[in-house]
Amino acid sequence: QVQLVESGGGLVLPGGSLRLSCAASGFTFSDYRVSWYRQAPGKQRELVAGITNPSSRTNYADSVKGRFTISRDNAKNTVFLQMNSLKPEDTAVYYCNAQSLWGIWREYWGQGTQVTVSS
């Protein structure tokens, strides 16, 4: 079975940090562009960061540039999101997403992990 399993979410104070992980299995991870999305209550799901392969080129939402860093370890089929200087507006469920880079279109989603930034 194809799986994307997020971990690392939790409750943090404003200005704090979290590192999210997404472990992939059941497909060829290196053939996929991997991204982090988030969705806050009452809002649309939005792209936070993405990373390609093999170049590992990254892109970020303007709201997180300079604070978040996406990376991937193809040998371990894992993507990470390092989140620093967290703000209350970062509060959301964060989802891992994988989209095929070529061939037949495929897209997979993780179950999400809650990030809450509050004092």
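You'll find the structure just up there.
Residues numbered from 1 in each chain as written. Predicted model: local features only at pLDDT ≥ 70, side-chain atom pairs only at ≥ 80, totals over all residues. Heavy atoms only, no water.

**Here we look at the state of the cysteines**
Phase 1 of the analysis: If you walk through the whole model with that rule in mind, you get one disulfide.
Phase 2 of the analysis: Paired through a disulfide, Cys 22 and Cys 96 show a sulfur-sulfur distance of 2.2 Å. Taking the sign of the torsion about the S-S bond as the criterion, the disulfide between Cys 22 and Cys 96, at about -85°, is left-handed. With Cys 22 in strand S3 (residues 18-25) and Cys 96 in strand S9 (residues 92-100), the pair connects residues that are 74 residues apart, well separated along the chain.
Phase 3 of the analysis: With relative accessibility at 0%, the residue Cys 96 sits in the buried group. (Disulfide = S-S within 2.5 Å. Helix = DSSP H or I, 4+ residues; strand = E, 2+ residues; numbered from the N terminus. Buried < 20%, exposed > 50% of the residue type's maximum accessible area, 1.4 Å probe, protein only.)

**A word on the sheet that holds strand S8 (residues 78-83)**
Phase 1 of the analysis: Here we have four strands laid out as an open sheet, ordered S1-S3-S8-S7, and antiparallel in their pairing. The open sheet terminates on both sides in strands that have one partner only, identified here as strand S1 (3-7) and strand S7 (68-73). The average angle at which neighbouring strand axes cross in this sheet is 15°, direction not considered.
Phase 2 of the analysis: Alignment of S3 against S8, held across six bridges, turns out to be antiparallel. From the neighbouring strand, Leu 18 faces S8, where its bridge partner is Met 83. (Pairing = 2+ DSSP bridges. Axes fitted to C-alpha atoms, helices over the stretch in contact; angles between N-to-C directions.)

**So, the packing of aromatic side chains**
Phase 1 of the analysis: For the structure shown, the criterion picks out five aromatic pairs.
Phase 2 of the analysis: Both rings, one in Phe 27 and one in Tyr 32, keep their centres 4.7 Å apart while their planes meet at 70°; by these two values the pair is edge-to-face. Of the two residues, Phe 27 and Tyr 32, both sit in the buried class.
Phase 3 of the analysis: Here the aromatic rings of Phe 27 and Tyr 108 are separated by 4.9 Å at their centres, their planes lie at 45°, and the arrangement is tilted. Of this pair, Phe 27 sits in the loop between S3 and strand S4 (32-39) while Tyr 108 is found in strand S10 (residues 107-109), placing the two residues 81 residues apart along the sequence. (Phe/Tyr/Trp six-rings, centres within 6.5 Å; stacked < 30°, edge-to-face > 60°.)

**Some details on the environment of Gln 111**
Phase 1 of the analysis: Along the polypeptide, Gln 111 turns up in the loop between S10 and strand S11 (113-117).
Phase 2 of the analysis: Setting aside residues up to four positions removed in sequence, Gln 111 forms contacts with Leu 4, Val 5, Glu 6 and Tyr 95. (Contact = heavy atoms within 4.5 Å.)

**Considerations on the nonpolar core**
Phase 1 of the analysis: Within the largest apolar cluster, 30 residues are counted, with the highest numbers of intra-cluster contacts made by Trp 36, Val 79, Leu 81, Met 83 and Tyr 94.
Phase 2 of the analysis: Taken together, the elements giving at least two residues each to this core come down to S3, S4, strand S5 (46-51), S7, S8, S9 and S11.
Phase 3 of the analysis: In this structure Met 83 touches Gly 16, Ser 17, Leu 18, Leu 20, Arg 67, Phe 68, Tyr 94 and Val 115, once residues within four positions along its chain are discounted. (Core = buried A, V, L, I, M, F, W, Y, C linked by side-chain atoms within 4.5 Å.)

**A short note on the pairing of S7**
Phase 1 of the analysis: The side-chain alternation of S7 yields one buried face, formed by Phe 68, Ile 70 and Arg 72, and one unburied face, formed by Thr 69, Ser 71 and Asp 73.
Phase 2 of the analysis: As defined by bridge partners, S7 adjoins S8 across six bridges and the pair is classed as antiparallel. Across the sheet, Ile 70 pairs through a bridge with Leu 81, a residue of S8.
Phase 3 of the analysis: In textbook terms, the turn of a hairpin is the stretch between consecutive antiparallel strands, and for S7 and S8 this stretch comprises four residues, one of which, Asn 77, has a positive phi near 50°.

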